[in-house]
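# Observations on the model geometry
Each chain, written out:
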Amino acid sequence: MNKPGLVNLNSKENLQKCNYIIDKIADRYGYKRVDILGKRRTVKHIWPRHTAMYLCRLCGLTFQEIGDIFNKDHATALNACNNIRNLCDTEPRLAKEFKELRVMFNV
């Protein structure tokens, strides 16, 4: 039984939404899906991967669920969301870009 307020990752709708986000973020930044889900930690991979994680979080997935999808642990998902929030607070250009993505994904 799920705890109240937590998303059931087994829900096809939630998994489809997250997969859609990953695919569209990869397309937008000129990467393949495996680049977004991969282990590379270069700066050029961080923004797209963290952005995709945060958008999945805004869709209601838990940090553990996001970590499972991205083959990371929950702390990495938490760090990704905090990183995007902090960047958006300090970098107007990135804040504008992230706002556009939120509109694109309706989150």
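These remarks concern the structure in this document.

### Side note on helix H1 (residues 12-29)
An α-helical turn contains 3.6 residues, so any two residues separated by three or four positions project in the same direction. The terminal C-alpha atoms of H1, which comprises 18 residues, lie 26 Å apart, in line with the 26 Å expected from a rise of 1.5 Å per residue. Looking only at H1, the buried set comprises Asn14, Cys18, Ile21, Ile22, Ile25 and Ala26. End-on, the buried residues of H1 take up no more than an arc of 125°, which puts them together on one face. Exposed residues on H1 whose side chains face more than 90 degrees from its buried face are Lys12, Glu13, Gln16 and Asp27. The inward-facing, buried residues of H1 contact helix H2 (33-37), helix H3 (43-58), helix H4 (63-69) and helix H6 (92-105).

### Some details on the environment of Gly67
Tracing the backbone shows Gly67 in helix H4. For Gly67, a relative accessible area of 1% corresponds to the buried category. Here the alpha-carbon distance between Gly67 and Leu78, two residues 11 residues apart in the chain, equals 8.9 Å. Beyond its immediate sequence surroundings of up to four residues, Gly67 is in contact with Lys72, Asp73 and Ala77.

### Some remarks on the packing of aromatic side chains
A ring pair, where both rings are aromatic, is described by two values, the distance of the centres and the angle of the planes. One pass over the structure, following the stated rule, counts two aromatic pairs. When the centroid spacing of 5.8 Å and the interplanar angle of 85° are considered together, the rings of Tyr20 and Phe105 count as edge-to-face. Highlighted residues: Tyr20 in helix H1 and Phe105 in helix H6, separated in sequence by 85 residues. Exposure remark for Tyr20: the relative accessible area of 41% places this residue in the partly exposed category. Both rings, one in Tyr54 and one in Phe98, keep their centres 5.3 Å apart while their planes meet at 15°; by these two values the pair is stacked. Of this pair, Tyr54 sits in helix H3 while Phe98 sits in helix H6, placing them 44 residues apart in sequence. Neither residue differs from the other here; Tyr54 and Phe98 are each classed as buried. The ring of Phe63 has Arg57 sitting right over it, with the charged end atom 4.0 Å from the ring centre.

Rules used throughout
Residues numbered from 1 in each chain as written. Predicted model: local features only at pLDDT ≥ 70, side-chain atom pairs only at ≥ 80, totals over all residues. Heavy atoms only, no water. Helix = DSSP H or I, 4+ residues; strand = E, 2+ residues; numbered from the N terminus. Expected span 1.5 Å × (residues − 1). Buried < 20%, exposed > 50% of the residue type's maximum accessible area, 1.4 Å probe, protein only. Arc of directions from axis to C-beta. Contact = heavy atoms within 4.5 Å. Phe/Tyr/Trp six-rings, centres within 6.5 Å; stacked < 30°, edge-to-face > 60°. Lys NZ or Arg CZ within 6 Å of the ring centre and 35° of its normal.

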